[in-house]
Amino acid sequence: MKCVKCTGTLRRIPIDDIEVDRCDTCSGLWFDAGELRRVLGTKSIDRLRSKPAPARGEAPAVAPDARRGSCPRCKGAGLLVQIAQWDHDIHVDTCAVCGGQWLDAGELELLRGEGTLFGSLLERVRRLVS
């Protein structure tokens, strides 16, 4: 499958009994319907972690959230809609037809509270308050 956000190719990465598709260029992740929730519940996401960020001056001209894409599973029949996560500062691109979901590089780690020192601290505070 072709990447939703760049010219890369999505490659299957097994994690537990789930196969997630990761772009070999931008490290974005495609989850078929229901897979993201299952992956968030796994103990380790090491195989899905983003590649290191590009060196200074190599950043993409367009931020990943600004790029629009079509669903790779529906072959373009479903346009991806950004769904804001109220408890995280990210947008999950979601297909309105099949329910598949796209995360840009690094967003899976942020959803799990592992992305940054601030993200980890914020996640701990959320757990204490709830």
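A brief structural summary.

**Some thoughts on the environment of Lys 2**
Its location among the elements puts Lys 2 in the segment before β1 (10-15). The class of Lys 2 is exposed, set by a relative accessible area of 58%. When the C-alpha positions of Lys 2 and Cys 23 are compared, they lie 8.2 Å apart, and in sequence the two are 21 residues distant. If near-sequence neighbours (up to four positions away) are discounted, Lys 2 is found in contact with Gly 8, Thr 9, Leu 10 and Pro 72.

**Quick word on the nonpolar core**
Judged by nonpolar contacts, the single largest core of 15 residues is most densely connected at Val 20, Phe 31, Val 39, Leu 48, Leu 103 and Leu 108. Broken down by secondary-structure element, the contributors of at least two residues to this core are β1, β2 (18-23), β3 (29-31), α1 (35-40) and α2 (107-111). If we ignore the near neighbours within four places in the chain, the residues touching Val 39 are Ile 15, Ile 18, Val 20, Phe 31, Ile 45, Leu 48, Leu 108 and Arg 112. Membership of the second largest hydrophobic core comes to ten residues, among which are Val 4, Leu 10, Trp 30 and Cys 71.

**Examining the pattern of salt bridges**
For the structure on display, the rule yields eight salt bridges. One network of salt bridges, with partners in common, ties together Arg 12, Glu 19, Asp 21, Asp 32 and Arg 73.

Criteria and cut-off values
Residues numbered from 1 in each chain as written. Predicted model: local features only at pLDDT ≥ 70, side-chain atom pairs only at ≥ 80, totals over all residues. Heavy atoms only, no water. Helix = DSSP H or I, 4+ residues; strand = E, 2+ residues; numbered from the N terminus. Buried < 20%, exposed > 50% of the residue type's maximum accessible area, 1.4 Å probe, protein only. Contact = heavy atoms within 4.5 Å. Core = buried A, V, L, I, M, F, W, Y, C linked by side-chain atoms within 4.5 Å. Salt bridge = Lys/Arg side-chain N within 4 Å of Asp/Glu carboxyl O.

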